[in-house]
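For reference, the chains in residue letters:
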Amino acid sequence: MFHEIYPKIFDPEYLNKQPLPDSYLLFFDKSYVFLQKTDAEYHSENACTDLPENGLSIPKFKYFGENIDRLTQNSYYLFSIDDDDYFLALNFDSDKGDSLQLTGEKIDIFRKLSPKSTAFAVLVGYHIYTWLQNRKYCGRCGSVNLRSDTERALICPRCSQIEYPRIIPAVIVAITDKDNILLTKRANSSYKLPALVSGFLEIGETLEENVKREVFEEVGIRVKNVKYYGSQPWGIAEAVMIAFTAELDGDNKITIEENELSEAAWVKRQDVPILNSDISIGQEMIQKFREGKL
Ligand SMILES: [Zn+2]
């Protein structure tokens, strides 16, 4: 999965750090990320490690030459991976993308970025960017929020309301019936591969109740033996995906909720497609079922 970057170590703790020339700088505007398009020559000159397949990488501050001071003053510390610090470019306007020699890509590009630590850094950075964008103003009194120097938080200077990052819990569930798994295709989504049933937690629900409700709403069946499988940060939706396995309980007749899904079907183990991707926890569970490990 894209967040499994071992032996690299991710450290999410907020520190009031200043960037160094070798620190990374992430640029986002709406649903786009702006990356450095590099070639083999640049990489050999700068002694970078792996050249990503599509030539897209996260730029370092030193890449920006005379713009370094301006970018340093308009940056926000995000996290570190090993000894590398990552910052967010504040007030970035994509109209300036060209002058900074950056390439704008839809955020979905994270699925194709390598190494995994790049994909992970882009998605975690995007999550924090989205939070800052959506919390510019205090939700209680409407004043402009200020960024805390001591923790990852926004503080209202007028009423002292504190806003912490928003992480929305969502469940995803692999539903099986003996040698069959229930695969779906989401309606109105750019994601074309088979998916599992998933959905956001409602206030007052347990995760297990969330699984049972979501399954019944989306595909009209009941499930039992709901068991925790694992979890994955999913910054594209400001979410954490909490994955479960569950078994069919009773009638296997599928009734799809057409607003959410375009297709849903029981698929025999030997007919489960090879996805050639292990980006998401849903894809991992589908592949494990195919291999008889789930
Ligand atoms: Zn306020």
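Residues numbered from 1 in each chain as written. Predicted model: local features only at pLDDT ≥ 70, side-chain atom pairs only at ≥ 80, totals over all residues. Heavy atoms only, no water.

(A) Broad picture of the layout of surface pockets. Taken as a whole, the largest pocket spans an internal volume of roughly 940 Å³. Looking at the largest pocket, it is lined by 34 residues, and the ones nearest its centre are Arg-111, Arg-186, Ser-189, Tyr-191 and Trp-234. It is helix α5 (residues 281-290) that provides the largest number of residues to the lining of the largest pocket, a total of 4 residues. Looking at the lining of the largest pocket residue by residue, the class counts come to 17 nonpolar, 11 polar and 6 charged. (1 Å grid on protein atoms, 1.4 Å probe; cavity = no way out; pocket = protein on both sides within 12 Å on 5 of 7 lines; lining within 4 Å. Points joined across faces, edges and corners; volume = space filled by probe spheres on them. Helix = DSSP H or I, 4+ residues; strand = E, 2+ residues; numbered from the N terminus. Nonpolar A, V, L, I, M, F, W, Y, C, P; charged D, E, K, R; others polar.)

(B) Inspection of the pattern of salt bridges at higher detail. Here the structure, examined in full by the defined rule, presents 15 salt bridges. Across the pair Arg-186 and Glu-260 runs a salt bridge, and its minimum N-O distance is 3.0 Å. With Arg-186 in strand β12 (residues 180-186) and Glu-260 in the loop between β15 (239-248) and β16 (261-268), the pair connects residues that are 74 residues apart, well separated along the chain. Its salt-bridge partner being Glu-205, residue Arg-213 comes within 2.4 Å of it at the nearest N-O pair. Judged by relative accessible area, which is 18%, Glu-205 ranks as buried. One connected set of salt bridges, linked through shared partners, spans Glu-205, Arg-213, Glu-214 and Glu-217. (Salt bridge = Lys/Arg side-chain N within 4 Å of Asp/Glu carboxyl O. Buried < 20%, exposed > 50% of the residue type's maximum accessible area, 1.4 Å probe, protein only.)

(C) View of the domain arrangement of the protein. In terms of domain boundaries, the protein breaks down into domain 1 (10-134), domain 2 (135-165) and domain 3 (168-290). On the side of domain 3, 11 residues touch domain 1, which itself brings 12 residues to the contact. Across the interface of domain 1 and domain 3, roughly 970 Å² is buried in total on both sides, 62% from carbon and sulfur atoms. When the area that domain 1 buries against domain 3 is broken down by residue, the three leading residues are Arg-111, Leu-123 and His-127, summing to 50%. Remark: the boundary between domain 1 and domain 3 carries 1 salt bridge. As a salt-bridge pair, Lys-116 and Asp-278 come within 3.6 Å of each other at their nearest N and O atoms. Summed over the shared surface of domain 1 and domain 3, the number is 0 residue pairs in polar contact (both at pLDDT 80 or more). (Domains from an automatic or database assignment. Contact = heavy atoms within 4.5 Å. Buried area = accessible area lost by both parts, 1.4 Å probe. Polar contact = N/O pair within 3.5 Å; in protein donor to acceptor, adjacent residues only side chain to side chain.)

(D) The pairing of strand β5 (residues 75-81), seen in detail. For β5, a buried count of 7 out of 7 residues is recorded, marking the element as mostly surrounded by other parts of the structure. As paired elements, β5 and strand β6 (residues 84-89) share 6 bridges and run antiparallel to each other. Across the sheet, residue Ser-80 finds its bridge partner in β6, namely Asp-85. Connecting β5 to the antiparallel partner β6 that follows it, the hairpin turn spans 2 residues, and Asp-82 within it adopts a positive phi of roughly 55°. (Pairing = 2+ DSSP bridges.)

(E) Spotlight on the packing of aromatic side chains. Scanning all chains against the criterion turns up 20 aromatic pairs. Both rings, one in Phe-2 and one in Phe-120, keep their centres 6.1 Å apart while their planes meet at 45°; by these two values the pair is tilted. On the criterion of sequence distance, the pair formed by Phe-2 in the segment before β1 (10-11) and Phe-120 in helix α3 (residues 116-134) is long-range, its members being 118 residues apart. One aromatic cluster in this structure is built from Phe-2, Phe-10, Tyr-24, Phe-79, Tyr-86, Phe-110, Phe-120 and Trp-234. Between Arg-222 and the ring centre of Phe-216, over which it is positioned, the NZ or CZ distance is 3.8 Å. (Phe/Tyr/Trp six-rings, centres within 6.5 Å; stacked < 30°, edge-to-face > 60°. Lys NZ or Arg CZ within 6 Å of the ring centre and 35° of its normal.)

(F) Representation of the sheet that holds strand β10 (residues 162-163). As summarised here, the arrangement of the 3 strands in space is β8-β9-β10, forming an open sheet in which the pairing is antiparallel. On the outer flanks of this sheet lie β8 (146-147) and β10, each paired with one strand and no other. Sheet topology places β8 next to strand β9 (residues 154-155); 2 bridges connect them, and they run antiparallel. In the sheet register, Leu-146 faces β9, and the bridge partner there is Ile-155.

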